[in-house]
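# Overview (structure and organization)
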Amino acid sequence: MAKNRSSVHTKAQRAGRERDGNRCQICGSKNHVEGHHSVDHQFGGAANVDNIIALCHKHHDDVHKGNIDIFKI
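Quick summary incoming for the structure in this document. Since we're looking at a predicted model, the values are computed, not measured. (Residues numbered from 1 in each chain as written. Predicted model: local features only at pLDDT ≥ 70, side-chain atom pairs only at ≥ 80, totals over all residues. Heavy atoms only, no water.)

Across its full length, the protein carries 2 helices and 2 strands. Overall, the protein shows an N-to-C arrangement of helices and strands of α-β-β-α. Taken against the 2.2 N^0.38 rule, which gives 11 Å for 73 residues, the C-alpha radius of gyration of the protein at 11 Å falls within 12% of a compact globule. For the protein, the spread of C-alpha atoms along the three principal axes comes to 30 × 25 × 25 Å. Looking at the protein as a whole, 32% of its 73 residues are labelled buried. When contacts within the protein are restricted to residue pairs at least 6 apart in sequence, long-range pairs at least 24 apart make up 53% of them. For the protein, the accessible surface area stands at approximately 4900 Å², while carbon and sulfur atoms represent 49% of it. On the protein, the mean spot of the 11 positive side-chain charges and the mean spot of the 8 negative ones are 6 Å from each other. (Helix = DSSP H or I, 4+ residues; strand = E, 2+ residues; numbered from the N terminus. Rg over C-alpha atoms; globule rule 2.2 N^0.38 Å. Buried < 20%, exposed > 50% of the residue type's maximum accessible area, 1.4 Å probe, protein only. Contact = heavy atoms within 4.5 Å. Areas by Shrake-Rupley, 256 points an atom, 1.4 Å probe, with all protein chains shown as cover. Lys, Arg positive; Asp, Glu negative; His and termini not counted. Charge placed at Lys NZ, Arg CZ, Asp CG, Glu CD.)

So, in structure tokens, the structure goes:
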């Protein structure tokens, strides 16, 4: 998680991870699970649970590198 995020972001990320059972929604891993904004905050993505998906560190990194696309259906 980025440093200096507001408590709203922190709570949304925690709630998203908890909603997803603290499991990566790609591989099911419970190791190093992080909250990822489906729509990035810098592009107007909301700081709420509906905009968060739980990803392990590997898949979170892959998303940010452009190797994996996340779509909300």
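Attention now goes to the pattern of salt bridges. Taken as a whole and judged by the stated rule, the model has 3 salt bridges. The residue D61 makes a salt bridge to K65 at a minimum N-O spacing of 3.1 Å. Note that D61 and K65 are positioned in helix α2 (residues 57–65) at a spacing of 4 residues, about one turn of the helix. By relative accessible area, which is 32% here, D61 ends up partly exposed. Using a relative accessible area of 57% as the deciding quantity, one classes K65 as exposed. (Salt bridge = Lys/Arg side-chain N within 4 Å of Asp/Glu carboxyl O.)

This part is about the environment of I53. Secondary-structure assignment places I53 in strand β2 (residues 52–56). Residue classification places I53 among the buried positions, given a relative accessible area of 16%. Expressed as a C-alpha distance, the spacing of I53 and E34, which sit 19 residues apart in the sequence, is 8.2 Å. Setting aside its immediate chain neighbours within four residues, I53 contacts R19, D20, Q25, E34, G35, H36, S38 and I70.

Here S29 shows up in the loop between α1 (7–19) and β1 (33–37). Here the side chain of S29 touches N31 through a polar contact of 3.0 Å, landing on its backbone nitrogen. Apart from residues no more than four positions distant in its own chain, S29 is found in contact with N22, R23, C24 and C56. (Polar contact = N/O pair within 3.5 Å; in protein donor to acceptor, adjacent residues only side chain to side chain.)

In short, shape yes, function no, at least from these values alone.
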